[in-house]
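Analysis of the macromolecular model
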Amino acid sequence: MKPILGVITKAAEGLARTSSLCSDDQSRPRVSGPRGDLWIVVLAGGRGTRLQSFTQQVLGTERPKQFCRIIGTRSMLRHTWDRALRLVPPERIITVVTAGQEEYLAEECLRGIPGTLLVQPTNRETGPGLLLPLLWIAGREPQATVAVFPADHFVWEEVRFVGYVRRAVEAASLLDQLILLGVEADAPETGYGWIRPDGPIADGPLADFYGVQGFVEKPDAHTAAHLYRERHLWNTFVLAGHLRTYLRLAESGMAEVLAALRPLAARLDPRATPVGLVDAYRAMRSTNFSKALLARHPEDLLVLAARGVSWSDWGDPDRIVRTLRRLGLTPPWLTGYADSRSFAEQEG
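The paragraphs below set out a description of the structure included in this document. (Residues numbered from 1 in each chain as written. Predicted model: local features only at pLDDT ≥ 70, side-chain atom pairs only at ≥ 80, totals over all residues. Heavy atoms only, no water.)

Structurally, Asp 316 can be placed in the loop between β11 (311-313) and α12 (317-327). A distance of 3.1 Å separates a polar atom in the side chain of Asp 316 from the backbone nitrogen of Asp 318. (Helix = DSSP H or I, 4+ residues; strand = E, 2+ residues; numbered from the N terminus. Polar contact = N/O pair within 3.5 Å; in protein donor to acceptor, adjacent residues only side chain to side chain.)

Let's shift gears to the nonpolar core. Core analysis: the biggest nonpolar cluster contains 47 residues, and Leu 131, Ile 137, Tyr 246, Leu 261 and Phe 289 have the highest contact counts within it. Among the elements that line this core, the one with the most residues is helix α5 (residues 126-138), at seven residues. Once residues within four sequence positions are removed from consideration, Tyr 246 is found in contact with Leu 130, Leu 134, Val 146, Ala 147, Val 148, Leu 178, Leu 239, Ala 240, Gly 241 and Phe 289. (Core = buried A, V, L, I, M, F, W, Y, C linked by side-chain atoms within 4.5 Å. Buried < 20%, exposed > 50% of the residue type's maximum accessible area, 1.4 Å probe, protein only. Contact = heavy atoms within 4.5 Å.)

Attention now goes to the pairing of strand β9 (residues 233-242). With ten of its ten residues buried, β9 lies for the most part within the structure. As defined by bridge partners, strand β6 (residues 178-184) adjoins β9 across five bridges and the pair is classed as antiparallel. Bridging across to β9, Gly 182 finds its partner in Asn 235. Bridging between strand β7 (residues 193-200) and β9 involves two bridges; their strand directions are antiparallel. Counterpart to Ile 195 in the pairing with β9 is Leu 233. (Pairing = 2+ DSSP bridges.)

Looking now at the pattern of salt bridges. Going through the model one piece at a time under the given rule, you end up with 21 salt bridges. Arg 69 serves as the salt-bridge partner of Glu 107, at 3.4 Å between the closest nitrogen and oxygen. Remark: Arg 69 occurs in the loop between α2 (52-59) and α3 (76-84) and Glu 107 occurs in the loop between α4 (102-106) and β3 (116-120); sequence separation between them is 38 residues. Overall, Glu 107 belongs to the partly exposed group, its relative accessible area being 36%. Note that Arg 248 is salt-bridged to Asp 176, the shortest N-O span being 3.5 Å. Highlighted residues: Arg 248 in helix α8 (residues 243-253) and Asp 176 in the loop between α6 (158-172) and β6, separated in sequence by 72 residues. What emerges from the salt-bridge pattern is a single network uniting Arg 167, Glu 184, Asp 208, Arg 231 and Arg 307. (Salt bridge = Lys/Arg side-chain N within 4 Å of Asp/Glu carboxyl O.)

Okay, α2 next. Residues Phe 54, Thr 55 and Val 58 constitute the buried set of α2. One side of α2 carries all its buried residues, which in axial view fall inside an arc of 90°. In the stretch just after α2, Gly 60 is the one whose phi turns positive, near 75°. (Arc of directions from axis to C-beta.)

Take the packing of aromatic side chains next. Within the structure shown, the criterion is met by twelve aromatic pairs. Here Phe 54 and Tyr 337 contribute two aromatic rings whose centre-to-centre distance is 5.2 Å and whose plane-to-plane angle is 90°, an arrangement assigned as edge-to-face. With a gap of 283 residues between them, Phe 54 in helix α2 and Tyr 337 in helix α13 (residues 333-347) connect regions that are remote in the sequence. Like Phe 54, the residue Tyr 337 is buried in the burial classification. (Phe/Tyr/Trp six-rings, centres within 6.5 Å; stacked < 30°, edge-to-face > 60°.)

All right, on to the side chain of Arg 78 then. Along the chain, the position of Arg 78 falls in helix α3. When its relative accessible area of 5% is taken as the criterion, Arg 78 is described as buried. A polar atom in the side chain of Arg 78 sits 2.8 Å from the backbone oxygen of Glu 108. Ignoring anything within four residues of it in the chain, the contact list for Arg 78 reads Glu 108, Arg 111, Gly 112 and Pro 114.

Attention now moves to the environment of Pro 200. Residue placement: Pro 200 occurs in strand β7. Sequence-wise, Pro 200 and Leu 302 are 102 residues apart; in three dimensions their C-alpha atoms are separated by 9.4 Å.

A few words now on α3. Buried residues dominate α3, accounting for nine of its nine residues. Of the residues making up α3, those classed as buried are Met 76, Leu 77, Arg 78, His 79, Thr 80, Trp 81, Asp 82, Arg 83 and Ala 84. Lining the buried residues of α3 we find β1 (38-43), β2 (93-98), α4, β4 (145-150), β5 (153-155) and α6.

Given below as structure tokens:
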């Protein structure tokens, strides 16, 4: 549904107070959220099979990429937690992992695991993986605002990125729509999902908020070149919205998953898997949240264009190497890996 003018005006007034947080100032902001009702869900349950051979070669492990220290001393999950902690206190972070990944989390315990950890019995993609924590929050704070962070993204300008998330949260708290963060593209990338924005919804602080025409998932080279020329946006799957908006959309597009998980929500316990959850997941179909809900309901979405942010979904080795070289970053493994690739290409 489209927001009415009065609500847009109220949202613009709130966003005027937060827009300065998207500036170039990279000093560490206060560790508190823009709203006291904000929760952050960190999705960390993916299997990461696409990068297994790469991580085995350069890091000596086949663990999913969110648990890898690809650059520096922090895992990608730790980077994500640190971004979340710029917005909320630790007790308002919920991290979703999949059974069997607990061993990787043991290494994170030295620095502490913020908030609540929910372990799903198996990975059924982002639909159940997101609805599980949303229902957990609903049992504690039905009027909450929720932001969603995938745990396997690279972000260079962290403060600016978090500033955009603050703006999305502020807008979402005043509108009955989900806000997607769309990053300004710097190449005709074929491995990403793209957002086709509509016109801006208002002037002033809301000038970077657009309606959503639709989505294009992993386009061919010709289509990607067109999307890039038209200044469409990369889809980060970073979301912000009222809890009730997420659940309203789930009622229409993921009713079976919602019906299976809702009776178990009151019994969700981070210390033990509730009776029935394993059976529910076993009977559940894998459901992608973007395909099942977002792509089918563009009228219920807005996209905030995040400009001047170096963001990447590190889904393949070449993309990782390109990102590091563009930023002038040289982790210890990079030279040896590049040399081995060059040798392999010469041999081929």
